[in-house]
Amino acid sequence: MARPRPVSPEKSGPLDAPAWIACALDALAERGIDAVRVEPLAKALDVTKGSFYWHFADRRALIEAMLSQWSVGRIAAIREQTAQAEEPALALRKLIELYTRRGNARGLAIELAIRALARNDSAAAAAVQKVDAERLTHVARLFQQLGYGAR
């Protein structure tokens, strides 16, 4: 896991929640949901576990924050990617290229790990369903702009 820059709680107060979420997403991408544990994350961030509990009630709260950040970020990216359409065919081509090239290995690893988690976790399943619904809505709109009607 890429180690974030250590932050001393004595110098800057407790590490903020976004730093914990980013570290947890890195762990998720690299080693799956079992790597998202308080003690190893605290060690990676070079802080005490107390910093974690300042921001999150428990591991489940961190996982839910990760899912929320992922779904909000993916939905924003989908909207941006489909709104930049000079023309719908070009937008669809760019979208397909975006999801088929290997340019964002971390993002792909996170998405695959969240989809794996969704098999056994209802909150993850809901986040995936929300993102997929958004993606399908926007792609369907692009196809409709190309003259393909809803069937």
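All figures in this text were calculated on a predicted structure; none of them were measured in a lab. (Residues numbered from 1 in each chain as written. Predicted model: local features only at pLDDT ≥ 70, side-chain atom pairs only at ≥ 80, totals over all residues. Heavy atoms only, no water.)

(A) Layout of the overall build of the protein. A tally of helices and strands in the protein yields eight helices and zero strands. Put simply, the protein runs from its N terminus to its C terminus through helices and strands in the order α-α-α-α-α-α-α-α. Burial statistics for the protein: of 151 residues in total, 34% are counted as buried. Of the contacts formed within the protein by residues at least 6 apart in sequence, a portion of 69% connects residues at least 24 apart. Accessible surface computed for the protein: about 9200 Å², of which carbon and sulfur atoms make up 55%. (Helix = DSSP H or I, 4+ residues; strand = E, 2+ residues; numbered from the N terminus. Buried < 20%, exposed > 50% of the residue type's maximum accessible area, 1.4 Å probe, protein only. Contact = heavy atoms within 4.5 Å. Areas by Shrake-Rupley, 256 points an atom, 1.4 Å probe, with all protein chains shown as cover.)

(B) Geometry of the nonpolar core. If you look at the biggest cluster of nonpolar residues, it comprises 35 residues, and the most contacted ones within it are Trp20, Leu28, Val36, Leu41, Leu62 and Met66. Those elements giving two or more residues to this core turn out to be helix 2 (17–31), helix 3 (38–45), helix 5 (59–83), helix 7 (105–118) and helix 8 (122–145). For this core, the element with the highest residue contribution is helix 2, accounting for eight residues. If near-sequence neighbours (up to four positions away) are discounted, Leu41 is found in contact with Trp20, Cys23, Ala24, Ala27, Ala35, Val36 and Leu62. (Core = buried A, V, L, I, M, F, W, Y, C linked by side-chain atoms within 4.5 Å.)

(C) Local environment of the confidence of the model for the protein. On average, residues of the protein score 86 in pLDDT, and 87% of them reach the 70 mark or higher. For the stretch residues 1–13, pLDDT sits under 50, and the model shows 24 contacts to residues farther than four places along the chain or on other chains. (pLDDT = per-residue confidence, 0-100.)

(D) Focus on a nonpolar patch on the surface. Among the surface-exposed residues, Phe143, Leu146 and Tyr148 lie close enough to one another that they form a single nonpolar patch of about 300 Å² accessible area. Relative to the helices and strands, Tyr148 is located in the segment after helix 8. Looking at Tyr148, the relative accessible area reads 52%, which means it is exposed. (Patch = residues over 30% accessible without salt bridge, like charges linked within 9 Å, V, L, I, M, F, W, Y side chains within 5 Å. Salt bridge = Lys/Arg side-chain N within 4 Å of Asp/Glu carboxyl O.)

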